[in-house]
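Structure at a glance
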Amino acid sequence: MRSDFGRTTKGEAASLYTLKNRGGMEIAVSDYGAVLVKVLIPDRDGNQQDVVLGYDDVAGYESGTLYFGAAVGRIANRIGGGTFELNGRTYALTQNDGQNTLHGGTDYFDKRMWKVEEADDSHVALKLYSPDGDQGFPGAVDIRVTYTLTEENEVKIHYYAVPEEDTILNLTNHSYFNLSGHASGSILDQEVMICADAYTRADAESIPTGEIVPVEGTPMDFRSRKVVGREIEADYEALIFGQGYDHNWVLNGSGNRYAASMYSDKTGIEMKVYTDLPGMQFYTGNFIVQEKGKKGADYRRRQAACFETQYFPDAVHKEHFEGPVVRAGQAYDTVTTYQFSSQTSSV
Ligand code: BGC
């Protein structure tokens, strides 16, 4: 179902597409930024909870700077020094995070109108044409992001793109989840598990050093479910640099697999993350200072967590990190699934 979502400052009419399944789950996606605006799921008492942070209309998304629900590209996360080389040429990008590039550079994908190609009650497919030189990256590319809501309560996000020239691509979704409800406050009492034996160490600017560090014996160990707040204030380099969790975990295994989960004991809502990508940035909203959100919500620090599946940050400068290079005519084709349930005995 399509509804109006307001007009951008340029006068473009934005829409909201609502998808529903028979189990009572509902999600909403806008063609502005291909953002995931709502994820509604009945909790264990049957009350509908919206578990993602966001805004009421397009104006909020236009002025927001936190990437709520955003489709992030061309390269999610950071590129050290805001420059990279491909096929012997050097490309200069926007330096929008110190001297580094974050989430593609300031001409963000989530600040553009996407074209809706298909929409029904269970899916919406959005397309963005990114020309040669867009954000400084080579090669024109048509990017398609498809959101599907299944009867198994999965929100499936499929990214598909075939560049005309060799380029680099690393798209992600930047939803901020709070499984007690988007306006319920801190997530420090919610439980998280990450199927990763290691994480990529990063410097004070969040650029990976290249080291793969085992999580064993560190506060980064989420191999067994634990509350987010248990060690977040530990005197540990990564947590000091990130002001909390804001790192890329090296997901175990390969192919489409179970990567992480989050659980709220207040609502009984659990989310499981599946992906075919090698890494995932787990970010605990450390830099949300104060943000007005949906229905008057007042979002603050650590009131949500992001599970941004991706190639490792700065992979373009690290030979041993699986690369984001996509050759001309080849498909960049990846799926990440967020699956919800609200049983008390989960996992
Ligand atoms: C980054 C954070 C950043 C946030 C956006 C995350 O992907 O890792 O450092 O603050 O995006 O605000």
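Up top you'll find the structure we're talking about.
Okay, so let's go over this structure. Note that this is a predicted model, so its numbers are computed, not measured.

**Quick notes on the overall build of the protein**
Within the protein, the secondary structure is distributed over two helices and 29 strands. Relative to the compact-globule value of 20 Å for 347 residues, the protein shows a C-alpha radius of gyration of 19 Å, a close match. In the protein, buried positions account for 60% of the 347 residues. For the protein, restricting intrachain contacts to residue pairs at least 6 apart in sequence, the fraction spanning at least 24 positions comes to 65%. In the form shown here, the protein has an accessible surface area of approximately 13,400 Å², with 45% of it arising from carbon and sulfur atoms. If you average the places of the 32 positive and of the 50 negative side-chain charges in the protein, the two averages end up 3 Å apart.

**Thoughts on the sheet that holds strand S11 (residues 115–119)**
The nine strands lie next to each other as S11-S12-S13-S14-S29-S23-S22-S17-S20, forming an open sheet whose pairing is antiparallel. Two strands bound the open sheet, and with one partner strand each, they are S11 and strand S20 (226–227). Judged from the eight bridges that link them, strand S12 (residues 123–130) and strand S13 (residues 141–149) form a sheet pairing that is antiparallel. Across the sheet, Leu126 pairs through a bridge with Val145, a residue of S13.

**Comments concerning the sheet that holds strand S27 (residues 306–310)**
If you trace the five strands from one edge of the open sheet to the other, you get S19-S18-S21-S24-S27, paired in antiparallel fashion. Edge strands, defined here as strands with exactly one partner in the open sheet, are strand S19 (208–214) and S27. Mean inter-strand twist for the sheet, computed between neighbouring axes without regard to direction, equals 30°. By the bridge criterion, three bridges tie strand S18 (residues 196–202) to strand S21 (residues 246–251) in an arrangement that is antiparallel.

**Topic: the site of the ligand**
Around the ligand lies a shell formed by Tyr67, Arg78, His103, His174, Tyr176, Asp246, Gln281, Tyr283, Phe287 and Glu308. Interatomic distance of 3.1 Å between a side-chain N/O atom of Gln281 and an oxygen atom of the ligand. Notes on the ligand: free accessible area 310 Å², of which the protein chains cover 94%. When its residues are assigned to classes, the shell around the ligand shows four nonpolar, three polar and three charged.

**Thoughts on the environment of Arg225**
On the secondary structure map, Arg225 appears in the loop between S19 and S20. Spatially, the C-alpha atoms of Arg225 and Glu205 are 28 Å apart, while their sequence positions differ by 20 residues. In this structure the side chain of Arg225 is engaged in a polar contact, spanning 2.9 Å, whose partner is the side chain of Glu191. At 3.3 Å, the side chain of Arg225 forms a polar contact with the side chain of Glu270.

What counts, and where the lines are drawn
- Residues numbered from 1 in each chain as written.
- Predicted model: local features only at pLDDT ≥ 70, side-chain atom pairs only at ≥ 80, totals over all residues.
- Heavy atoms only, no water.
- Helix = DSSP H or I, 4+ residues; strand = E, 2+ residues; numbered from the N terminus.
- Rg over C-alpha atoms; globule rule 2.2 N^0.38 Å.
- Buried < 20%, exposed > 50% of the residue type's maximum accessible area, 1.4 Å probe, protein only.
- Contact = heavy atoms within 4.5 Å.
- Areas by Shrake-Rupley, 256 points an atom, 1.4 Å probe, with all protein chains shown as cover.
- Lys, Arg positive; Asp, Glu negative; His and termini not counted.
- Charge placed at Lys NZ, Arg CZ, Asp CG, Glu CD.
- Pairing = 2+ DSSP bridges.
- Axes fitted to C-alpha atoms, helices over the stretch in contact; angles between N-to-C directions.
- Near = heavy atom within 4 Å.
- Polar contact = N/O pair within 3.5 Å; in protein donor to acceptor, adjacent residues only side chain to side chain.
- Nonpolar A, V, L, I, M, F, W, Y, C, P; charged D, E, K, R; others polar.

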